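What follows is the residue order along each chain.
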Amino acid sequence: MADKPVILVVDDEKNTRDGLQRALQRHYQVLVAESAESALAALDSSKPPVDIMLTDMKMPGMGGLELLRETVKRHPQTACILLTAYGSVETAVAAMRQGAYDFLTKPINLDHLDMLVARALKSRELENKVVALESQLDEKFGMENITGESAAMRQVFDIIRQAAPTQASVLIQGPSGTGKELVAHAIHRLSQRAQGPFVAVHCAALSSSLLESELFGHEKGAFTGAVAQRRGRFEMANGGTLFLDEISEIDTSIQVKLLRVLEERCFERVGGEQTIQTDIRVIAATNRNLREYVDQGKFREDLFFRLNVVDIVLPPLKERTGDIPLLVHRFLKECCERNGKQITGVSPAAMELLDSYEWPGNVRELRNTVEKMVVLAHGERLDENDVPQNIRSSIPKVENSRSEWEPASLADAERAKIMAVLERNGGNRTHAAEELGISRRTLHRKLRAYGVTGKEDEE
Ligand SMILES: Nc1ncnc2c1ncn2[C@@H]1O[C@H](COP(=O)(O)OP(=O)(O)OP(=O)(O)O)[C@@H](O)[C@H]1O
Ligand SMILES: [Mg+2]
């Protein structure tokens, strides 16, 4: 049967090899090798891979211990059981420290052999399961929170996957509400630091001196109000990830200190002498164009390069064609669960309105909008009437618009304003013109230019 587990028997004595082979071949596929060297060749070439290796300790040429070390390195899934002469239990114990699964003393008791082999196979199976589950968990907590299938987002996922396991600093850029913090979390969860802390600092929220002591900590008496020693975020993040949000806003004196931590992995607390080592990975985020800050002399170029080893750009939502319906459905499901509502879907017309809106607040605005719609909805399905007024009356986004995030043209803004006011006034042009502070004649002219030919108010 092809599915029988594979056992490799390594011994320089023919009698032992034959004996073990006879004992095992009923239930297992047995390979034999008369030296450590040929055992390695068998391990390298066996398909399916060897499940268990039984090896003698003392052999001419390469010994059993060395074979064990090589096997652990090259074929970590193979469980190694050592065969030792009676009385050399100490060597066997040493071998187990190096990764052997267990040992058997010679002469070999066949019942004992059976039991041990069965147990090794079982534990190998469990280990494989654990590995599979762990990687599923990583997926779940790492990227599962980020929805998107657009080309832009797929590229973001690729970079996250590649960068996460490394120690490289990451700079995440994108307008507000595009998911920068979400991405920072995912990188942490998918890194080897996942078990360590994830510490976030919002750099714009604090004055410069507060930020300094927040980041680096301070000694007692360092400044008025420093009544006790305090550990900073750099210390708290030791062994984990430090997330510096709104990095563009830190002032130059702190930029210098930050650069030093990134370069030398050490710093002093404010008012302190002692140099503290820290093992952290830094992820920074900004909704500004940091390169421009560098060009304007507001941000140190050397620090920019240090932070920008891996560069992730999250485009505005309106540029991620196809992601809006996915996000709507996701948020709809989440909001229904949270609010105990039963809404089964979204009408095509409503989806069209959501899909063509500009979303200046990006995913955050979309999420809040869906939440609002769910809370206020009457029916079982969200339709046009559930879409907030401001979205219904806004002008549709221009397909394939310029790719940088910049405001719409003045004419677009004017048109949007006029259409919104007109909508609010129920189509009454007299009232709309009044509210807009223009004459009715001007309003008519503009509407005609937009191609709006609706009924005129009666005089
Ligand atoms: N791709 C996405 N999939 C699912 N949820 C998302 C996605 N992007 C953003 N969100 C949600 O949108 C909200 C805003 O995301 P986040 O806080 O990460 O944005 P940000 O870029 O850090 O914004 P800011 O610059 O304002 O801090 C959060 O509720 C987040 O869960
Ligand atoms: Mg944020």
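Whatever comes next refers back to the structure up there.
In this report, we go over the structure that sits alongside the text.

The rules we used
- Residues numbered from 1 in each chain as written.
- Chains lettered and ligands numbered in written order.
- Predicted model: local features only at pLDDT ≥ 70, side-chain atom pairs only at ≥ 80, totals over all residues.
- Heavy atoms only, no water.
- Near = heavy atom within 4 Å.
- Polar contact = N/O pair within 3.5 Å; in protein donor to acceptor, adjacent residues only side chain to side chain.
- Areas by Shrake-Rupley, 256 points an atom, 1.4 Å probe, with all protein chains shown as cover.
- Helix = DSSP H or I, 4+ residues; strand = E, 2+ residues; numbered from the N terminus.
- Nonpolar A, V, L, I, M, F, W, Y, C, P; charged D, E, K, R; others polar.
- Domains from an automatic or database assignment.
- Core = buried A, V, L, I, M, F, W, Y, C linked by side-chain atoms within 4.5 Å.
- Buried < 20%, exposed > 50% of the residue type's maximum accessible area, 1.4 Å probe, protein only.
- Contact = heavy atoms within 4.5 Å.
- Axes fitted to C-alpha atoms, helices over the stretch in contact; angles between N-to-C directions.
- Parallel < 35°, antiparallel > 145°, perpendicular 65-115°, else oblique.
- Pairing = 2+ DSSP bridges.

**Observations concerning the site of ligand 1**
Next up, step 1: The immediate surroundings of ligand 1 are formed by 16 residues, with Thr147, Ser176, Gly177, Lys180 and Arg367 found nearest.
Next up, step 2: Glutamate 181 places a polar main-chain atom, nitrogen or oxygen, 3.1 Å from an oxygen atom of ligand 1.
Next up, step 3: Here ligand 1 has 630 Å² of accessible area as a free molecule, and 86% of this is covered by the chains.
Next up, step 4: At the level of elements, helix H7 (180–189), helix H13 (323–339) and helix H15 (362–376) are the ones that each hand at least two residues to the shell around ligand 1.
Next up, step 5: When its residues are assigned to classes, the shell around ligand 1 shows five nonpolar, seven polar and four charged.
Next up, step 6: Both domain 2 (151–313) and domain 3 (317–392) contribute no fewer than three residues apiece to the shell around ligand 1.

**Thoughts on the nonpolar core**
Next up, step 1: By size, the foremost hydrophobic cluster in this structure holds 30 residues, and its most contacted members are Phe234, Leu244, Ile247 and Phe299.
Next up, step 2: Sorting the residues of this core by element identifies strand E7 (198–202), helix H8 (208–216), strand E10 (241–245), helix H10 (252–264), strand E13 (281–286), helix H11 (290–295) and helix H12 (301–307) as the ones contributing at least two each.
Next up, step 3: With five residues, the top contributor of residues to this core is H10.
Next up, step 4: Setting aside its immediate chain neighbours within four residues, phenylalanine 234 contacts Leu215, Phe216, Leu242, Leu258, Val261, Phe267, Thr278 and Ile280.
Next up, step 5: Listed in part, the 25 residues of the second largest apolar core include Ile324, Val328, Cys335 and Ala350.

**Structural notes on the packing of helix H18 (residues 429–436) against helix H19 (residues 440–450)**
Next up, step 1: Remark: H18 packs on H19, axes separated minimally by 9 Å, with the N-to-C direction vectors making an angle of 105°. Judged by the angle between their axes, H18 and H19 are roughly perpendicular. In this structure, H18 contributes Arg429, Thr430, Ala432, Ala433 and Leu436 to the contact, and H19 contributes Arg440, Leu443, His444 and Leu447.
Next up, step 2: Across the contact of H18 with H19, the residue classes break down as five nonpolar, two polar and two charged.

**Quick word on the sheet that holds strand E2 (residues 29–33)**
Next up, step 1: With respect to topology, five strands assemble into an open sheet ordered E2-E1-E3-E4-E5, the strand pairing being parallel. Lying at the two open borders of the sheet, with one neighbouring strand each, are E2 and strand E5 (102–106). Strand-to-strand twist of the sheet, defined as the mean angle between neighbouring strand axes without regard to direction, takes the value 20°.
Next up, step 2: As judged from the five bridges shared by strand E3 (residues 52–56) and strand E4 (residues 79–85), these two strands associate in the parallel manner. Directly across from leucine 54, in E4, lies its bridge partner isoleucine 81.
Next up, step 3: Sitting on the sheet, helix H1 (residues 14–24) touches strand E1 (6–10), E2, E3, E4 and E5, and the angle it makes with E2 is about 175°.
Next up, step 4: Running over the sheet, helix H2 (residues 36–45) touches E1, E2 and E3 and is turned about 165° from E1.

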